[in-house]
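Given next are the chains, with one letter for each unit.
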Amino acid sequence: MHMIVAWDIAVCPERDDIDDALRKCFARWSWVRPLTTFYLIKLKEADDRQNIRASLVDVAKRHPKEVSLLISPAIKGGGYAGWLKRSAWDKIRKRTDGWSNRQRCRP
């Protein structure tokens, strides 16, 4: 099982600190960042998503004008398609129970 998290942070003096605080919310889980602010996080237990979500929302609430945040439900499997480096697909597969669909690799 895994989840996806994506965010945008407005240009501001605290941007790097906010980004670090968001990433710390899931630092102890296995994750991959195939796109600039798109994180796929492998969940260990059923409650993990709720714990990660609560931490992320807490950071976003502290910076309501700077942070836009999107959190997926818990996901089984995958079926992702796209155009990524082969190493990114390998990392995605590792966190989605080995399931991937139409992968396209670029050098």
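Scope of this entry: the structure provided in the associated data block. Because the structure is a prediction, the values reported are computed rather than measured.

About the criteria used
- Residues numbered from 1 in each chain as written.
- Predicted model: local features only at pLDDT ≥ 70, side-chain atom pairs only at ≥ 80, totals over all residues.
- Heavy atoms only, no water.
- Helix = DSSP H or I, 4+ residues; strand = E, 2+ residues; numbered from the N terminus.
- Rg over C-alpha atoms; globule rule 2.2 N^0.38 Å.
- Buried < 20%, exposed > 50% of the residue type's maximum accessible area, 1.4 Å probe, protein only.
- Contact = heavy atoms within 4.5 Å.
- Areas by Shrake-Rupley, 256 points an atom, 1.4 Å probe, with all protein chains shown as cover.
- Salt bridge = Lys/Arg side-chain N within 4 Å of Asp/Glu carboxyl O.
- Core = buried A, V, L, I, M, F, W, Y, C linked by side-chain atoms within 4.5 Å.

### Concerning the overall build of the protein
Scanning the protein from N- to C-terminus turns up three helices and six strands. Written out in order from the N terminus, the α and β elements of the protein read β-α-β-β-α-β-β-α-β. Scaling as 2.2 N^0.38, a compact globule of 107 residues should have a C-alpha radius of gyration of about 13 Å, and the protein matches this with 14 Å. Along the three orthogonal principal directions, the C-alpha set of the protein runs to about 40 × 35 × 20 Å. Taken across its 107 residues, the protein has 35% of its residues classed as buried. Within the protein, residue pairs in contact and separated by at least 24 positions form 55% of the contacts whose partners lie at least 6 positions apart. By element, 49% of the accessible surface of the protein is carried by carbon and sulfur atoms, the whole surface being about 6,800 Å².

### As for the pattern of salt bridges
One pass over the structure, following the stated rule, counts four salt bridges. The partner of R62 in a salt bridge is D58, with the nearest N and O atoms 2.6 Å apart. Here R62 and its partner D58 are both found in helix α2 (residues 48-62), four residues apart, which amounts to about one turn of the helix. The salt bridge involving D90 is made with R93; its shortest N-O contact spans 2.5 Å. Here the residue D90 and the residue R93 both occupy positions in helix α3 (residues 86-95), the gap between them amounting to three residues, near one helical turn.

### Examining the nonpolar core
Grouped together as the largest cluster of nonpolar side chains are 18 residues, with contacts concentrated most on W7, I18, L22, F26, I41, I52 and L56. Of all the secondary structure elements, the ones that give two or more residues to this core are β1 (2-9), α1 (15-24), β3 (38-42) and α2. Among all residues touching I52, those that are not within four sequence positions of it are M3, C25, F26, W29, I41 and L43. One finds I4, L40, L84 and A88 within the second-largest nonpolar core, a separate group that totals eight residues.

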